[in-house]
Every structure is written in structure tokens, then in C-alpha cells.
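Working through the structure, step by step
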Amino acid sequence: MKLTTTRFGTIEVGEEVALYFSDGIPGFPDTLRYVILDHDKESPIKWLQAIEHADLAFPIVDPYDLVADYRVTVSPADLAALGVAHSRDLVTFVILTIPNGAPERTTANLRAPVVANPNTHLAKQVLVVEDYPIRYPIAETNPVGVECAP
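Below, the structure is looked at part by part. Given the structure is predicted, the values throughout are model-derived calculations rather than measurements.

Quick word on the side chain of T106
- With respect to the helices and strands, T106 occurs in the loop between β7 (91-97) and β8 (107-108).
- Look at T106 and you get buried, because its relative accessible area is 1%.
- Of the polar contacts made by the side chain of T106, one reaches the backbone oxygen of P103; its length is 2.6 Å.

Right, dumping it as C-alpha cells:
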């Protein structure tokens, strides 16, 4: 399918790579389909790009690149909604907040990761029981050199 985005222009992506959020993402309940796009080949940052809205994209990163011992417990209800039995069967990303003009103050939301079933492409942003911060500053503890500039 052809996808028009404000960040990447018009690109071609396969329908089979689309992620489906049955409840949307908090704040965007009517936007249900997204794809994951590379920021560039050298960056660990990716983009969760809405299919239906050219200007809606969230910067995401693998949380294990930020916190080596990051662990999440997904509720039984969320596991069932995603069609898996264990959290370990999910792919996990966290959404970054990159302040305008201050990329050095970028934070990651470790408390509410995006989890996806790689087999069914069902996805959900979940609230985990672990006591992780919503605004984890990555500049101070960035062990893999995540480039913060958008």
C-alpha cells in the first residue's frame, strides 16, 4: 500500500506489516493502524507511523537499549487481547518524547510500553505493574548512544 507521511513523504509498505491497535493509542482512540518505519539505517530510533494520518508518528525505541534489565508484566487481559500467553512472546517498544529545540532532554515512557504480537500484528500500549518512570531521561543513562535529534 502507498502511505503518505509528512516525515517520510510517500512510501510503499506491505499491508502485512501494519500493526492494529484495537483501542488506539491513548489520546488517539480512532487511529487504529500503524507501521514501524526506520528513522535511518544507523539510528536505533524508529517511528510508529499512523496509516490514516500523514502527520501522526511517534518516535519509538527498544527499551532494552536504554535499560538492560527492563522487564514488563503485561496483565492477563492485555495478553489475551494480544493473543499471547506470556509477555516474553511480545515485541516491546517505548515511546520517546523529544522536546522541541531540546533533544538533549528526550525522555522515554518506560511505564507504558507499546507491545505487539509479531504473529498476529495486534498491538497495544499497556500500563505495566513495574515501577518504571513515565519520563525516563535518556541523555544521562544512554548506554547505546541513542541519537536524540529528530
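As for the packing of aromatic side chains
- Throughout the structure, instances matching the rule amount to 5 aromatic pairs.
- Pairing F28 with F58 gives two aromatic rings, centres 5.4 Å apart and planes at 75°, and the pair type is edge-to-face. Here F28, found in the loop between β3 (19-21) and β4 (33-38), pairs with F58, found in strand β6 (residues 57-61); they are 30 residues apart in sequence, far enough to count as distant.
- Since its relative accessible area comes to 12%, F58 is described here as buried.

A short note on the nonpolar core
- Residues L66, Y70, V74, L90, V94, A108 and L110 are the most contacted members of the largest nonpolar core, which totals 22 residues.
- Those elements that provide at least two residues to this core are α1 (76-82) and β7.
- Core analysis: the next-biggest nonpolar cluster, separate from the first, contains 14 residues, F21, L56, I95 and A116 among them.

Structural notes on the pairing of strand β2 (residues 9-12)
- Relative to β2, strand β1 (residues 2-5) runs antiparallel, the two being bridged by 4 bridges. Looking at β2, one finds that L3 is bridged to I11.
- What sits between β1 and β2 in their antiparallel hairpin is a turn of 3 residues.

Some words on the environment of G24
- Summarising the element assignment, G24 is placed in the loop between β3 and β4.
- With a relative accessible area of 8%, G24 lands in the buried category.
- G24 has contacts with P29, T31 and L32, leaving out every residue within four places of it along the chain.

What counts as what
Residues numbered from 1 in each chain as written. Predicted model: local features only at pLDDT ≥ 70, side-chain atom pairs only at ≥ 80, totals over all residues. Heavy atoms only, no water. Helix = DSSP H or I, 4+ residues; strand = E, 2+ residues; numbered from the N terminus. Buried < 20%, exposed > 50% of the residue type's maximum accessible area, 1.4 Å probe, protein only. Polar contact = N/O pair within 3.5 Å; in protein donor to acceptor, adjacent residues only side chain to side chain. Phe/Tyr/Trp six-rings, centres within 6.5 Å; stacked < 30°, edge-to-face > 60°. Core = buried A, V, L, I, M, F, W, Y, C linked by side-chain atoms within 4.5 Å. Pairing = 2+ DSSP bridges. Contact = heavy atoms within 4.5 Å.

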